[in-house]
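Examination of the molecular architecture
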Amino acid sequence: MVEQVEFKLPAKSRGYHLITSSILERLPSLPQQGLLNVFIKHTSAGLTINENADPSVRVDFENIFNDLVPENLPYLTHTMEGADDMPAHIKSSLVGASVNIPITNGQLNLGTWQGVYLCEFRNHGGSRKLVATIYS
């Protein structure tokens, strides 16, 4: 069986935001066993699973990605939407647009310190549309 839910997350500031509970709030009851796929319908934000306990992880992510893909590179040509736009597209491609999480005993089977992050790469990205698909 397959169930699908589409929902919006409110606009968030640039950075890395834990959204595990926001996803769970919008889902129907989970099956005993299965798989959850969460997909973001945007090209300047991404999703990842990572450390959810220490907030300094978010700062380090931001600093590392900004170092890897800085703004205002002189050879970028896609610049009409602002200095943060093309770097946001590149960062989104590096992180990815979806995550898969096993479902076991009716719960997400994440590790002890794992959470789902919305990676907002724009300074003013706006609300973000996500699609959650539950496979049982």
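Structure's up top.
Residues numbered from 1 in each chain as written. Predicted model: local features only at pLDDT ≥ 70, side-chain atom pairs only at ≥ 80, totals over all residues. Heavy atoms only, no water.

Considering the overall build of the chain
Counting its secondary structure elements, the chain contains three helices and eight strands. Whereas a compact globule of 136 residues would reach a radius of gyration of roughly 14 Å, the chain reaches 16 Å, a difference of no more than 12%. Taking the principal axes of the C-alpha coordinates as reference, the chain spans close to 50 × 30 × 20 Å. Looking at the chain as a whole, 40% of its 136 residues qualify as buried. Considering only contacts within the chain whose residues lie at least 6 apart along the sequence, 84% involve residues at least 24 apart. A total of about 7,400 Å² of accessible surface is found on the chain, and carbon and sulfur atoms cover 51% of it. Averaging the locations of the 10 positively and 13 negatively charged side chains of the chain gives two centres separated by 7 Å. (Helix = DSSP H or I, 4+ residues; strand = E, 2+ residues; numbered from the N terminus. Rg over C-alpha atoms; globule rule 2.2 N^0.38 Å. Buried < 20%, exposed > 50% of the residue type's maximum accessible area, 1.4 Å probe, protein only. Contact = heavy atoms within 4.5 Å. Areas by Shrake-Rupley, 256 points an atom, 1.4 Å probe, with all protein chains shown as cover. Lys, Arg positive; Asp, Glu negative; His and termini not counted. Charge placed at Lys NZ, Arg CZ, Asp CG, Glu CD.)

Re the sheet that holds strand β7 (residues 114-120)
Spatially, β2-β7-β4 is the arrangement adopted by the three strands of the open sheet, whose pairing is antiparallel. A strand with exactly one partner marks an edge of an open sheet, and here the two such strands are β2 (15-18) and β4 (45-51). Neighbouring strand axes in the sheet, compared pairwise and without regard to direction, differ in orientation by 35° on average. Here four bridges tie β2 to β7, and the two strands are oriented antiparallel to one another. Residue pairing across strands places Leu-18 opposite Tyr-117, the latter belonging to β7. (Pairing = 2+ DSSP bridges. Axes fitted to C-alpha atoms, helices over the stretch in contact; angles between N-to-C directions.)

A closer look at a nonpolar patch on the surface
Among the surface-exposed residues, Val-2, Leu-35 and Tyr-135 lie close enough to one another that they form a single nonpolar patch of about 260 Å² accessible area. On the secondary structure map, Leu-35 appears in strand β3 (residues 33-40). (Patch = residues over 30% accessible without salt bridge, like charges linked within 9 Å, V, L, I, M, F, W, Y side chains within 5 Å. Salt bridge = Lys/Arg side-chain N within 4 Å of Asp/Glu carboxyl O.)

A look at the environment of Ser-98
Along the chain, Ser-98 falls in strand β5 (residues 98-104). Residues Ser-98 and Ile-40, 58 residues apart in the sequence, show an inter-C-alpha distance of 6.3 Å. Not counting residues up to four positions away in its chain, the partners in contact with Ser-98 are Asn-37, Val-38, Phe-39 and Leu-47.

As for the pairing of β5
Of the two faces of β5, only one is covered, namely that formed by Val-99, Ile-101 and Ile-103; the face formed by Ser-98, Asn-100, Pro-102 and Thr-104 stays uncovered. As paired strands, β3 and β5 are joined by seven bridges and run antiparallel to one another. Paired with Phe-39 across the strands is Ser-98, a residue of β5. Linking β5 back to strand β6 (residues 107-108) in an antiparallel pair, the connection comprises two residues, with Asn-105 at a positive phi of about 55°.

Examining the nonpolar core
Grouped together as the largest cluster of nonpolar side chains are 21 residues, with contacts concentrated most on Ile-19, Ile-23, Leu-36, Leu-47 and Leu-130. Elements that contribute at least two residues to this core include exactly β1 (2-9), β3, β4, β5, β7 and β8 (128-135). Beyond its immediate chain neighbours, meaning those up to four positions away, Ile-19 contacts Leu-9, Lys-12, Leu-47, Val-116, Tyr-117, Leu-118 and Leu-130. (Core = buried A, V, L, I, M, F, W, Y, C linked by side-chain atoms within 4.5 Å.)

What about the sheet that holds β6?
Neighbouring strands of a sheet are bound in pairs by backbone hydrogen bonds; such pairs are parallel or else antiparallel. Strand order in the open sheet formed by five strands is β1-β8-β3-β5-β6, with antiparallel pairing between adjacent strands. Here the strands that pair on one side only, and so sit at the sheet edges, are β1 and β6.

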